[in-house]
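# Residue-level structural notes
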2 protein chains.
Amino acid sequence: MRRAVAGPEIERLIQLLARVPGLGPRSARRAALHLIKKRESLMAPLAGAMDEVLAKITTCQVCGNLDVRSPCSVCADETREAGILVVVADVADLWALERSGAVSARYHVLGGTLSPLDGIGPDDLNVASLLARVNREGTGEVLLALGATVDGQTTAHYITELLRETGVKVTRLAHGVPVGGELDYLDEGTLAAAIRARTSL
Amino acid sequence: MRRAVAGPEIERLIQLLARVPGLGPRSARRAALHLIKKRESLMAPLAGAMDEVLAKITTCQVCGNLDVRSPCSVCADETREAGILVVVADVADLWALERSGAVSARYHVLGGTLSPLDGIGPDDLNVASLLARVNREGTGEVLLALGATVDGQTTAHYITELLRETGVKVTRLAHGVPVGGELDYLDEGTLAAAIRARTSL
């Protein structure tokens, strides 16, 4: 028989925590208890940080990133290379690329990928603003950092065609063997791409 | 080179989320982005639930459980068996036993175990209140649900001696093979305990 361990307020906290990615129903309970025990040093600051982000969060009018200001921290960063514009499908991809530290450029967040099956067309994505931006900023290179999926590649193809008239250089991420990856765990498509794009030593 | 993906408010949210058990630095970033995207349906209610718990949370004056009221939801539950008092080291243990649904009794939270090496003696635990409670409530059985560790067993032994004069029946959890456990992964101590406590079929 299942009973409430604690009052409805705590049960509600547990239920909401269970919806955070990375936490399940069981770890949400553990997380809630930890937050309650560390209420002064962790839960109060965390609730405060959420309130502050909730009050200030906005979508960057330039690139579509989520931040507490617009233009966002990335667009406002004067030290970034101005010539390259990295096109990503989602803010999560922008964050992942930033985490890698592999590129110091500005971004353009499409807000998804073209997906005819799901009824997502060009008008549902930030592609018009991308074209306007490339024309306005005199971008030298557009790097399409889209997933190697059907939708990602369809989107890449569409944007390449769209940007053709601007004369901007359009590049995409390389396909190949993931660093640290074992060959016998890789699919044939990746292996074929890695062979086609082989480099001299 | 590592740069801030977003403003300091969001970075602070990520750092605080990374301190929640079950989330690491990487999943905290993913959790933060999810919370930001679901700010109306998840982050705002979650921040509100935290604020509510923060405002109301208290330690139950009867048993030591954490709840938004005192006596806590467990102590106030009239449907529980009154004769049995389950002694646990920590609120986490109380929650774990409640999750199992195996017992419908009231609890007493010691707030730790005796640990001479760490300088934790009887005065640091809620043992005086346990003795008073057993005398006051006319408890029929005290079930010591303490860990099968040196400190847990030391504590169990101490409480058994303490309660001897009251004449209350003192029991402890059975040792044995965990349900679903493979014999060849078990330690000798558990196997020996399981053989000693073998039951007829």
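Above: the structure in question.
Here we summarise the structure given alongside this text.

Each value, and the rule that gives it
Residues numbered from 1 in each chain as written. Chains lettered and ligands numbered in written order. Predicted model: local features only at pLDDT ≥ 70, side-chain atom pairs only at ≥ 80, totals over all residues. Heavy atoms only, no water. Salt bridge = Lys/Arg side-chain N within 4 Å of Asp/Glu carboxyl O. Helix = DSSP H or I, 4+ residues; strand = E, 2+ residues; numbered from the N terminus. Buried < 20%, exposed > 50% of the residue type's maximum accessible area, 1.4 Å probe, protein only. Polar contact = N/O pair within 3.5 Å; in protein donor to acceptor, adjacent residues only side chain to side chain. Contact = heavy atoms within 4.5 Å. Buried area = accessible area lost by both parts, 1.4 Å probe.

## Details of the pattern of salt bridges
Summed over all chains, the structure comprises 20 salt bridges over all chains. The salt bridge partner of Arg164(A) is Glu161(A), with a shortest N-O separation of 2.9 Å. A salt bridge links Glu52(B) to Lys56(B), with the nearest nitrogen and oxygen atoms 3.2 Å apart. In this pair, Glu52(B) and Lys56(B) are both assigned in helix H3 (residues 39-56), 4 residues apart and thus about one turn of the helix distant. Residue class for Lys56(B) comes out partly exposed when judged on its relative accessible area of 36%. One salt-bridge network, in which partners are shared between bridges, spans Glu9(A), Glu52(B), Lys56(B) and Arg69(B).

## Overview of the side chain of Arg80(A)
Residues and elements named next belong to chain A. Looking at the element boundaries, Arg80 is found in the loop between strand S2 (66-67) and strand S3 (84-88). In this structure Arg80 comes out as buried when scored by relative accessible area, which is 4%. Here Asp77 takes part through its side chain, which lies 3.1 Å from a polar atom of the side chain of Arg80.

## Notes on the environment of Cys72(A)
Residues and elements named next belong to chain A. Here Cys72 lies in the loop between S2 and S3. Between the alpha carbons of Cys72 and Val62 there is a distance of 8.0 Å; along the sequence they are 10 residues apart. Residues within four places of Cys72 in sequence aside, it is in contact with Cys60, Cys63, Asn65 and Asp67.

## Here we look at the interface of chain A and chain B
Accessible area lost on assembly of the parts is the figure often given for the size of an interface. Contact with chain A, which involves 64 residues of that partner, is made by 64 residues of chain B. Taking both sides of the interface into account, the surface hidden between chain A and chain B amounts to around 6,000 Å²; carbon and sulfur atoms contribute 69%. Between chain A and chain B we count 6 salt bridges in total. Two residues, Glu9(A) and Arg69(B), come together in a salt bridge whose shortest N-O distance is 3.9 Å. At the junction of chain A and chain B, the tally comes to 10 residue pairs in polar contact (both at pLDDT 80 or more).

From the geometry alone we can't say anything about function, so treat these as descriptive.
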